[in-house]
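# Structural overview
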Amino acid sequence: MRGTCLLLLLLFCGIACSQTGSPSMTPQQTFTDPAAAALAEAAAAGDDARIRTLIADGADPNAQSARGLPLLQWAMLKQSRRGFEALLAAGADPTRGDSGGTTAVHLAAQADTPYWLETLLARGVSPDTPNTVTQATPLMAALMAARRENADRLINAGAQLDRADRQGDTALHVAALINDAGHVLQLLEAGANPSLRNVQGVTFQRYLFITKDSVLDTDARHQRDAVKAWLQQHGVPLEAAH
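Here is what the cut-offs are and how they apply
- Residues numbered from 1 in each chain as written.
- Predicted model: local features only at pLDDT ≥ 70, side-chain atom pairs only at ≥ 80, totals over all residues.
- Heavy atoms only, no water.
- Phe/Tyr/Trp six-rings, centres within 6.5 Å; stacked < 30°, edge-to-face > 60°.
- Helix = DSSP H or I, 4+ residues; strand = E, 2+ residues; numbered from the N terminus.
- Buried < 20%, exposed > 50% of the residue type's maximum accessible area, 1.4 Å probe, protein only.
- Axes fitted to C-alpha atoms, helices over the stretch in contact; angles between N-to-C directions.
- Parallel < 35°, antiparallel > 145°, perpendicular 65-115°, else oblique.
- Contact = heavy atoms within 4.5 Å.
- Nonpolar A, V, L, I, M, F, W, Y, C, P; charged D, E, K, R; others polar.
- Arc of directions from axis to C-beta.
- Polar contact = N/O pair within 3.5 Å; in protein donor to acceptor, adjacent residues only side chain to side chain.

What follows is about the packing of aromatic side chains. If you walk through the whole model with that rule in mind, you get 4 aromatic pairs. Centroid distance Phe-31 to Trp-74: 5.4 Å. Interplanar angle 85°. Geometry classified as edge-to-face. Placement of Phe-31 in the loop between helix 2 (27-30) and helix 3 (34-45) and of Trp-74 in helix 5 (residues 71-77) is noted, with a sequence separation of 43 residues between them. Of the residues examined, Phe-31 reaches a relative accessible area of 1% and is grouped as buried.

This is how it looks when you write it as structure tokens:
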């Protein structure tokens with residue numbers, strides 16, 4: 001496959017891997033500023049009273065580690081819901097990206113629990129929050145991480161289906177790249193534009209139909225056939241695989 005596919009796969013690895021570091025890293029090892037380290041420790045422990053006290057004393061809820069990890073994402077990675085909520089209440093910005101551009105919304109979209117994403121969406125955080133480096137959307141992150149339920153939540157929350165990243169790829173391109181014909185069809189039925197082209201000048205069809213039918217299982221073939229039927233019913237020419 002071509003360069004954008006590789007870039008998207010690298011993007012996914014960056015989102016999933018750049019945040020974590022070593023699970024044994026202490027707050028003091030991760031956050032070099034003493035006030036930020038104390039806040040990180042309180043966030044990991046879910047000590048909301050301590051968080052409020054530290055912030056009242058001048059600690060920054062948007063502090064980042066030496067590697068660019070925001071405190072809010074730190075709380076998420078530590079699975080600290082109380083710390084997460086306390087930081088949000090104190091003004092932590094969920095649209096702030098780490099060194100790779102990953103925001104708390106993208107991390108939430110990739111999570112294996114709905115809590116993080118539902119909490120952010122309920123607070124009015126945009127489902128279209130861009131990766132601050134690549135401009136990829138949370139919907140793209142959810143699709144790449146195979147978090148179908150989170151992808152559905154973002155769609156139901158009004159995510160702009162035709163929003164493109166810096167490579168010009170939309171959610172349709174991403175779903176096609178990972179051979180998720182089921183979500184391709186859902187996106188089309190929800191109003192995604194099948195004619196949009198990325199910087200390589202191709203539509204999502206280039207990637208969805210590149211795999212031969214003979215290597216697909218029965219469900220995958222049926223889903224892809226349903227996409228073809230939708231395109232034909234809506235007067236969209238089928239493109240030959242390359």
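On to the packing of helix 10 (residues 148-156) against helix 12 (residues 181-189), then. Two elements in contact, helix 10 and helix 12, have axes separated by 12 Å at closest approach and are oriented at 5°. Viewed along their axes, helix 10 and helix 12 adopt a mutual orientation that is roughly parallel. Together, Arg-148, Ala-151, Asp-152 and Ile-155 of helix 10 and His-183, Gln-186 and Leu-187 of helix 12 make up the contact between the two elements. Residue composition of the contact of helix 10 with helix 12, by class: 3 nonpolar, 2 polar and 2 charged.

The subject of this paragraph is helix 4 (residues 48-56). Taken as a whole, helix 4 has its buried residues at Ile-51, Leu-54 and Ile-55. Within helix 4, the buried residues cover an arc of 95° as seen down the axis, which keeps them to one side. Of the exposed residues in helix 4, those oriented more than 90 degrees away from the buried face are Arg-52 and Ala-56. As for helix 4, its buried residues are in contact with helix 3 and helix 6 (81-89). Note on helix 4: the residue one or two positions beyond its end, Gly-58, has a positive phi of about 115°.

Residue position: Asn-131 is located in the loop between helix 8 (115-122) and helix 9 (138-144). Within the structure, Asn-131 has its side chain in polar contact with the backbone oxygen of Gly-100 (distance 3.5 Å). Within polar-contact distance, the side chain of Asn-131 engages the backbone oxygen of Gly-101 at 3.4 Å.

At Ala-146, a position not held by glycine, the phi torsion is positive, near 60°. Structurally, Ala-146 is set in the loop between helix 9 and helix 10. Exposure remark for Ala-146: the relative accessible area of 58% places this residue in the exposed category.

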